[in-house]
Amino acid sequence: MIYKMINMFNRTTVLSHHNNSLTIIDIDNDEVMAFVELTEDKDSFIFNMFTSEEGYDTIILESTLMFTYPKGVIVNNEVDISVWEKFYNKDGIIIQKIGNDTKMTMVPTDQYEKLINLSVLLNHKEIYKQGKDYYSVKHKN
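*Asks:* I'd like a rundown of the side chain of S21, residues and numbers included.
*Replies:* Relative to the helices and strands, S21 resides in strand β3 (residues 21-26). Judged by its relative accessible area of 2%, S21 falls in the buried class.

This is the structure in structure tokens:
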């Protein structure tokens with residue numbers, strides 16, 4: 001059984017996690033819709049890679065904020081600042097200023113926990129590889 005994450009644009013997508021990465025993938029056609037890879041630091045996470053199809057940036061970033069709880073993630077230029085602005089006044093977002101940096105996190109919701117717990121049958125390692133390939137193609141690395 002695969003738990004449906006969200007039905008957007010007539011797509012059935014799921015959230016996959018492997019190591020410090022999150023991938024949203026369309027399970028009907030095996031297409032990556034969003035990918036985030038993080039590095040875990042002592043007190044926070046830092047973005048290595050971020051990319052998404054239109055409409056999936058908010059959901060993957062919100063999932064990232066919950067995934068990194070309680071440490072949080074440093075807001076940086078890997079993600080366009082206009083995307084982050086959507087979160088500054090959103091309920092449940094925890095924001096902390098650290099020098100010139102901003103760290104954000106969010107307490108995981110019950111829905112997020114279900115998505116993570118019910119995705120055990122996914123091949124997370126393979127989906128992670130697809131996510132990295134997707135990032136490379138979109139950023140021509």
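*Asks:* Hey, could you go over the pairing of strand β2 (residues 11-18) for me, with residue numbers and the actual values?
*Replies:* With respect to burial, β2 is a largely interior element, 7 of its 8 residues being buried. As paired elements, β2 and β3 share 6 bridges and run antiparallel to each other. Along β3, the bridge assignment pairs S16 with T23. Between β2 and β3, which follow one another and run antiparallel, lie 2 residues, and N19 among them has a positive phi close to 50 degrees.

*Asks:* I'd love a proper account of the pairing of strand β5 (residues 45-52), names of residues and values included.
*Replies:* Within a regular beta strand, the side chains point alternately toward one face of the sheet and then the other, so they alternate between its two faces. Burial runs high along β5: 6 of the 8 residues are buried. Strand direction decides the pairing type here: strand β4 (residues 31-40) and β5, joined by 7 bridges, are antiparallel. For V36, the partnering residue across the bridge sits in β5 and is F50. The pairing of β5 with strand β6 (residues 73-75) spans 2 bridges and is parallel. Bridge pairing in β6 places F45 opposite V73. Of the crossover connections in this fold, the one passing from β5 over helix α1 (residues 57-67) to the parallel β6 is right-handed.

*Asks:* Please give an account of the side chain of E62 that cites residues and values.
*Replies:* Within the element layout of this structure, E62 appears in helix α1. The class for E62 is buried, based on a relative accessible area of 16%. Ignoring anything within four residues of it in the chain, the contact list for E62 reads F87, K90 and M106.

*Asks:* Explain α1 to me, using residue names and the numbers behind them.
*Replies:* With 8 of its 11 residues buried, α1 lies for the most part within the structure. Inspection of α1 places D57, I60, L61, E62, S63, T64, L65 and M66 among the buried residues, and these make up the whole buried set.

*Asks:* Which residues make up helix α3 (residues 110-117), and what values go with them?
*Replies:* Within α3, burial applies to Y112, L115 and I116. Burial along α3 is one-sided: seen end-on, the buried residues are contained in an arc of 95 degrees. If you follow the buried residues of α3, they end up packed against β2 and α1.

*Asks:* Explain the packing of aromatic side chains to me, and be specific about the residues and the numbers.
*Replies:* Given two aromatic rings, one states the distance between the centres and the angle between the planes to describe the pair. What the rule picks out here adds up to 3 aromatic pairs. Aromatic pair F45 and F67: ring centres 6.2 Å apart, planes at 55 degrees, arrangement tilted. Pair noted here: F45 is in strand β5 and F67 is in helix α1, with a separation of 22 residues, a long-range link. Where F47 meets F50, the ring centres are 6.4 Å apart and the plane angle is 80 degrees; that geometry is what we call edge-to-face.

The rules behind the values
Residues numbered from 1 in each chain as written. Predicted model: local features only at pLDDT ≥ 70, side-chain atom pairs only at ≥ 80, totals over all residues. Heavy atoms only, no water. Helix = DSSP H or I, 4+ residues; strand = E, 2+ residues; numbered from the N terminus. Buried < 20%, exposed > 50% of the residue type's maximum accessible area, 1.4 Å probe, protein only. Pairing = 2+ DSSP bridges. Right-handed = clockwise from strand over helix to strand, strands pointing away. Contact = heavy atoms within 4.5 Å. Arc of directions from axis to C-beta. Phe/Tyr/Trp six-rings, centres within 6.5 Å; stacked < 30°, edge-to-face > 60°.

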